[in-house]
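Spelled out from the first residue to the last, the chains are:
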Amino acid sequence: MTRRPLVAGNWKMNGLKAGLSELEAIGAGYSAALKAKSDFLICPPVTLVAEAAKAVTGKGVFIGGQDCHAKASGPHTGDVSAEMLKDAGAAYVIVGHSERRADHGESDAVVRAKAEAGLRAGLVTIVCVGERREQREAGKAIAVVREQLAGSIPDAATAATVVVAYEPVWAIGTGLTPTKADVADMHKAIRETLGQRFGAEGQNTRILYGGSVKPENARDLIIQPDVDGALIGGASLKAKDFLGIASAYI
Ligand code: PEP
C-alpha cells in the first residue's frame, strides 16, 4: 500500500458562514492533478461542519471536526460527539491538538478515549502529538512524542482509520519551523514506533507534519520520506495558501 498524502486544514475558532467562500475556492481549485496526488480535508469550527459538507458536495474535499467528546451522547453541555460530527457530514476528526491539550488539560488517556470515539463513529481520526520547546531543548522531543503515541493511539488503530499529526507545539502559529533534518528524524522515529506496535498497519499509517506550514516552506517540510501530508492552521484559511501548499505534491 502506498500512503496517499493528506493535506488537512484546521480552521480552529475561525470562520463564519461568509468564510465558506474560501472553502468553495479550495473545492474549485482541487484540480485533477491535485486529486491524483493527495486527499484534501478541511476542519472548520463545528458550527460550519454541516454547511461545509454541503458546500463541497461532489468536489472530493473531506470535512472534519476539530475535537469530539468520548461519549456518543449524554449530559455533557456544550460538547459534541463523534457521532454528531458524522451525522453532520464529517468524515474525519482531529483529537489531541496541542491547543486542546493545553487549554483543556487533555491527557493522553483523554485523547485516546476521544480517538476511540472517532473510530466508533466511523471517522478517520487524526491524533496529534508534539513536544514543547523546553522538551526539545532538553533533548527529549522524541521520547515525549513516543510516550504520547503510546498513550493516545487506540489499540484498534489501522492505517485506514488513524492518521498521526506531528506538530511541535513551539512551531504552531509562530512562524518557527524545525529543520528539515529534525522533521525527518522525528517522522522516522514515529514510523518506527507505529511499526513496532502495529506492524504493517503502522508502516502504512499516514504521518502529517504541522506547524507554520506555508506555500514557501511546504516543499522542504512535507516532501520527505516519512511525511505523508500537512496539518495546516493559519494558512488553511485562505484558499490560495492552502492550494499553494498542496501544489508541493504535483
Ligand atoms: C495547527 O493548528 O495545527 C497548526 C499547524 O497551525 P499553524 O499552521 O498556524 O502553525
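Conventions we followed
- Residues numbered from 1 in each chain as written.
- Predicted model: local features only at pLDDT ≥ 70, side-chain atom pairs only at ≥ 80, totals over all residues.
- Heavy atoms only, no water.
- Buried < 20%, exposed > 50% of the residue type's maximum accessible area, 1.4 Å probe, protein only.
- Helix = DSSP H or I, 4+ residues; strand = E, 2+ residues; numbered from the N terminus.
- Pairing = 2+ DSSP bridges.
- Near = heavy atom within 4 Å.
- Polar contact = N/O pair within 3.5 Å; in protein donor to acceptor, adjacent residues only side chain to side chain.
- Areas by Shrake-Rupley, 256 points an atom, 1.4 Å probe, with all protein chains shown as cover.
- Nonpolar A, V, L, I, M, F, W, Y, C, P; charged D, E, K, R; others polar.
- Contact = heavy atoms within 4.5 Å.
- Axes fitted to C-alpha atoms, helices over the stretch in contact; angles between N-to-C directions.
- Left-handed = near helix turned anticlockwise from the far one by under 90°.
- Phe/Tyr/Trp six-rings, centres within 6.5 Å; stacked < 30°, edge-to-face > 60°.
- Salt bridge = Lys/Arg side-chain N within 4 Å of Asp/Glu carboxyl O.

**Some thoughts on the pairing of strand β5 (residues 124-129)**
Part 1: The buried fraction of β5 is high, at 6 of 6 residues.
Part 2: Of the two faces of β5, the one lined by Val124, Ile126 and Cys128 and the one lined by Thr125, Val127 and Val129 are each fully buried.
Part 3: In this structure, strand β4 (residues 92-95) lies alongside β5, joined through 4 bridges in parallel fashion. Each bridged residue has a counterpart across the sheet, and for valine 93 the counterpart in β5 is threonine 125.
Part 4: Note that β5 and strand β6 (residues 162-166) share 5 bridges and pair parallel. Pairing of valine 127 across the sheet is with valine 164, part of β6.

**Remarks on the site of the ligand**
Part 1: Taken together, 14 residues surround the ligand, and among them Lys12, Glu167, Gly173, Ser212 and Gly233 come closest.
Part 2: Between the ligand and glycine 233, the relevant distance is 2.8 Å, taken from an oxygen atom to a main-chain nitrogen or oxygen of the residue.
Part 3: About the coverage of the ligand: the protein hides 95% of its 290 Å² of free accessible area.
Part 4: Residues of the shell around the ligand, tallied by class, amount to 4 nonpolar, 8 polar and 2 charged.

**A short note on the pairing of strand β2 (residues 39-43)**
Part 1: The buried fraction of β2 amounts to 5 of the 5 residues, a majority that puts the element mostly inside the structure.
Part 2: Neither face of β2 is open: one carries Asp39, Leu41 and Cys43, the other Phe40 and Ile42, and all of them are buried.
Part 3: Bridge count for β2 against strand β3 (residues 62-65) is 2 bridges, and the pairing is parallel. Bridging across to β3, isoleucine 42 finds its partner in isoleucine 63.

**With respect to the side chain of serine 212**
Part 1: Topologically, serine 212 is positioned in the loop between β7 (207-210) and α11 (218-222).
Part 2: Here alanine 171 takes part through its backbone oxygen, which lies 2.6 Å from a polar atom of the side chain of serine 212.
Part 3: Of note is the side chain of serine 212, whose polar atom sits 3.5 Å from the backbone nitrogen of threonine 174.
Part 4: Residues contacting serine 212, with those up to four places away along its chain left out, are Ala171, Gly173, Thr174, Gly175, Leu176, Thr177 and Asn217.

**As for the packing of helix α1 (residues 20-29) against helix α12 (residues 239-246)**
Part 1: Remark: α1 packs on α12, axes separated minimally by 9 Å, with the N-to-C direction vectors making an angle of 35 degrees. Judged by the sense of rotation from one axis to the other, the crossing of α1 with α12 is right-handed. Every residue of α12 that contacts α1 at Glu22, Ala25, Ile26 and Gly29 is listed here: Ala239, Phe242 and Leu243.
Part 2: Partitioned by chemical class, the residues of the contact of α1 with α12 number 5 nonpolar, 1 polar and 1 charged.

**A short note on the packing of aromatic side chains**
Part 1: For the coordinates displayed, the defined rule picks out 4 aromatic pairs.
Part 2: Pairing tyrosine 30 with phenylalanine 40 gives two aromatic rings, centres 4.0 Å apart and planes at 15 degrees, and the pair type is stacked. Within this pair, whereas tyrosine 30 is found in the loop between α1 and α2 (32-37), its partner phenylalanine 40 is found in strand β2, the two being separated by 10 residues in sequence.
Part 3: Take tyrosine 30: its relative accessible area is 5%, and that puts it in the buried class.
Part 4: On the numbers, 5.5 Å between centres and 50 degrees between planes, the contact of phenylalanine 62 with tyrosine 92 is tilted. Of the two residues, phenylalanine 62 is situated in strand β3 and tyrosine 92 in strand β4; the sequence distance between them amounts to 30 residues.
Part 5: According to the relative accessible area criterion, phenylalanine 62 is partly exposed, its value standing at 32%.
Part 6: Here a set of aromatic residues connected by ring pairs shows up, and it is made of Tyr30, Phe40 and Phe242.

**Quick look at the pattern of salt bridges**
Part 1: As enumerated under the stated definition, the model contains 22 salt bridges in all.
Part 2: One salt bridge connects glutamate 106 with lysine 114, and the closest N-O pair in it is separated by 2.7 Å. Lysine 114 carries the same exposure label as glutamate 106, and that label is buried.

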